[in-house]
Amino acid sequence: MTILITAGPTQEAIDPVRYLTNRSSGKMGYALAEQALGMKHRVILISGPTQLDIPAGADFIPVESAREMFTAVERFISQSDIAIFAAAVADYRPTSVPEQKIKKSSETMTLELVKNPDILGSCRDVFHYQGVLVGFAAETEKVEEHARGKLLRKGCDLLIANDVSRQDIGFDQDENEIMLITAEETIPLPKDSKKHLASHVIKEALLISQEKAEQ
Ligand code: PMT
């Protein structure tokens with residue numbers, strides 16, 4: 001099987017030396033890549049900037065911005081049987097980026113933002129992807145309800161929900177606590193290492209792939 005994985009944050013340029021980003025370390029996405037590689041699958045890892053080592057054997061596509069990630073996913077997704085979106089993509093980017101560094105001449109500064117493309121949300125309608133689609137939902141309240149909404153809206157087969165309001169899991173931690181959400185059921189998994197949880201996610205996605213093939 002070929003598994004495409006997005007990971008890490010995106011960086012959205014404000015000027016040549018500044019950018020908007022978020023707290024994603026890439027650990028969750030890289031753990032998924034390592035588990036999939038350990039099960040002998042081909043992995044296409046499309047990653048925003050992180051401090052992590054590139055998993056040995058992965059086809060590694062580095063990107064910076066959401067628009068670069070969109071282009072990379074558009075290019076490679078048709079090669080995959082399963083696509084997993086663990087990246088924390090910036091929903092907005094600065095409307096325009098000046099060529100020179102912005103000077104601190106005034107007391108206040110207003111930054112106008114424009115919406116980035118929804119990469120996961122483009123998979124079915126824009127990329128016409130037919131494989132197993134796995135999204136993540138980073139929520140701070142009503143975690144299951146909001147995640148289930150994303151599962152349906154984005155045409156996912158499986159949605160991985162995590163509560164990013166907690167300091168002990170989620171962003172930049174070695175552990176996470178997730179729910180695996182499908183149209184039929186919700187499977188809560190206890191707090192565990194991202195490595196172990198990644199193995200559960202890959203196995204569930206493979207099961208769904210097998211079920212689809214038998215239909
Ligand atoms: O990287 P770590 O430090 O290990 O942290 C892990 C994590 C918290 C980043 C990860 O577990 C996680 O929750 N990733 C998804 C973060 C996110 O952006 O969630 P969201 O609910 O805002 O987005 C929903 C889904 O749409 C996600 O699959 C996201 O990758 C995708 N998306 C979002 C916006 C966008 N423009 N394009 C997208 O593809």
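These numbers come from a predicted model, not from an experiment. (Residues numbered from 1 in each chain as written. Predicted model: local features only at pLDDT ≥ 70, side-chain atom pairs only at ≥ 80, totals over all residues. Heavy atoms only, no water.)

Undergrad: Can you lay out the environment of glutamate 12 for me, pointing to particular residues and giving the numbers?
TA: Turning to its location among the elements, glutamate 12 is positioned in strand β2 (residues 12-15). Judged by relative accessible area, glutamate 12 falls into the buried class, the value being 2%. For glutamate 12 and valine 97, which are 85 residues apart along the polypeptide, the C-alpha to C-alpha distance reads 9.5 Å. Setting aside residues up to four positions removed in sequence, glutamate 12 forms contacts with Arg18, Tyr19, Leu20, Ser65, Ala66, Ala90, Tyr92, Arg93, Pro94 and Asn116. Here threonine 10 takes part through its side chain, which lies 2.8 Å from a polar atom of the side chain of glutamate 12. (Helix = DSSP H or I, 4+ residues; strand = E, 2+ residues; numbered from the N terminus. Buried < 20%, exposed > 50% of the residue type's maximum accessible area, 1.4 Å probe, protein only. Contact = heavy atoms within 4.5 Å. Polar contact = N/O pair within 3.5 Å; in protein donor to acceptor, adjacent residues only side chain to side chain.)

Undergrad: Explain the pattern of salt bridges to me, and be specific about the residues and the numbers.
TA: Summed over all chains, the structure comprises twelve salt bridges. Across the pair arginine 18 and aspartate 15 runs a salt bridge, and its minimum N-O distance is 2.4 Å. Put simply, aspartate 168 and arginine 166 hold a salt bridge, and the shortest N to O gap is 3.0 Å. When its relative accessible area of 29% is taken as the criterion, arginine 166 is described as partly exposed. Through salt bridges with shared partners, one network takes in Arg166, Asp168, Glu175, Glu177 and Lys191. (Salt bridge = Lys/Arg side-chain N within 4 Å of Asp/Glu carboxyl O.)

Undergrad: So what about the pairing of strand β4 (residues 42-47)? Which residues, and what values?
TA: β4 sits mainly inside the fold: five of its six residues count as buried. With six bridges connecting them, strand β1 (residues 2-7) and β4 associate as parallel partners. Looking at β4, one finds that leucine 4 is bridged to isoleucine 44. As judged from the four bridges shared by β4 and strand β5 (residues 59-62), these two strands associate in the parallel manner. Within the sheet, the bridge partner assigned to leucine 45 lies in β5 and is phenylalanine 60. (Pairing = 2+ DSSP bridges.)

Undergrad: Tell me about the site of the ligand, and name the residues and values.
TA: Around the ligand, the surrounding shell holds 28 residues, and the nearest of these are Ser24, Ser25, Lys150, Asn162 and Asp172. Here an oxygen atom of the ligand and a backbone polar atom of lysine 27 are 3.3 Å apart. At 2.6 Å from an oxygen atom of the ligand is found a main-chain nitrogen or oxygen belonging to alanine 87. Starting from 780 Å² of accessible surface for the ligand in isolation, the protein chains cover 95%. Going through the elements one at a time, α1 (27-38), α3 (119-122) and β9 (132-139) are the ones with two or more residues in the shell around the ligand. (Near = heavy atom within 4 Å. Areas by Shrake-Rupley, 256 points an atom, 1.4 Å probe, with all protein chains shown as cover.)

Undergrad: Kindly report on the side chain of glutamate 204, identifying the contributing residues and their values.
TA: Assignment of secondary structure puts glutamate 204 in helix α5 (residues 194-214). Buried charge without a partner: glutamate 204 forms no salt bridge, and the closest opposite charge is lysine 203, 10 Å away. With sequence-adjacent residues up to four places away left out, glutamate 204 is seen in contact with Leu158, Leu180, Thr182 and Ile187. (Lys, Arg positive; Asp, Glu negative; His and termini not counted.)

Undergrad: So what's going on with the sheet that holds strand β12 (residues 178-181)? Which residues, and what values?
TA: Judged by pairing direction, the sheet is mixed, and its eight strands sit side by side in the order β5-β4-β1-β6-β9-β10-β12-β13 without closing on themselves. Edge positions in the sheet fall to β5 and β13 (186-188), since each of these pairs with one other strand and no more. Within this sheet the neighbouring strands show an average axis-to-axis angle of 15°, counted without direction. Pairing analysis gives four bridges linking strand β6 (residues 82-85) to β9, with the strands arranged parallel. Note on β9: the bridge partner recorded for phenylalanine 85 is glycine 135. (Axes fitted to C-alpha atoms, helices over the stretch in contact; angles between N-to-C directions.)

Undergrad: Account for the nonpolar core, with residues named and values stated.
TA: One finds Ile5, Leu32, Val43, Leu45, Ile84, Val134 and Ile160 to be the most contacted residues of the largest nonpolar core, which totals 30 residues. It is α1 that provides the largest number of residues to this core, a total of seven residues. Ignoring any residue separated from it by four or fewer positions in sequence, one finds isoleucine 84 in contact with Ile3, Leu4, Ile5, Thr6, Leu32, Val134, Phe136 and Ile202. Judged by nonpolar contacts, the second largest core, of 29 residues, contains Leu4, Ile119, Leu133 and Cys156. (Core = buried A, V, L, I, M, F, W, Y, C linked by side-chain atoms within 4.5 Å.)

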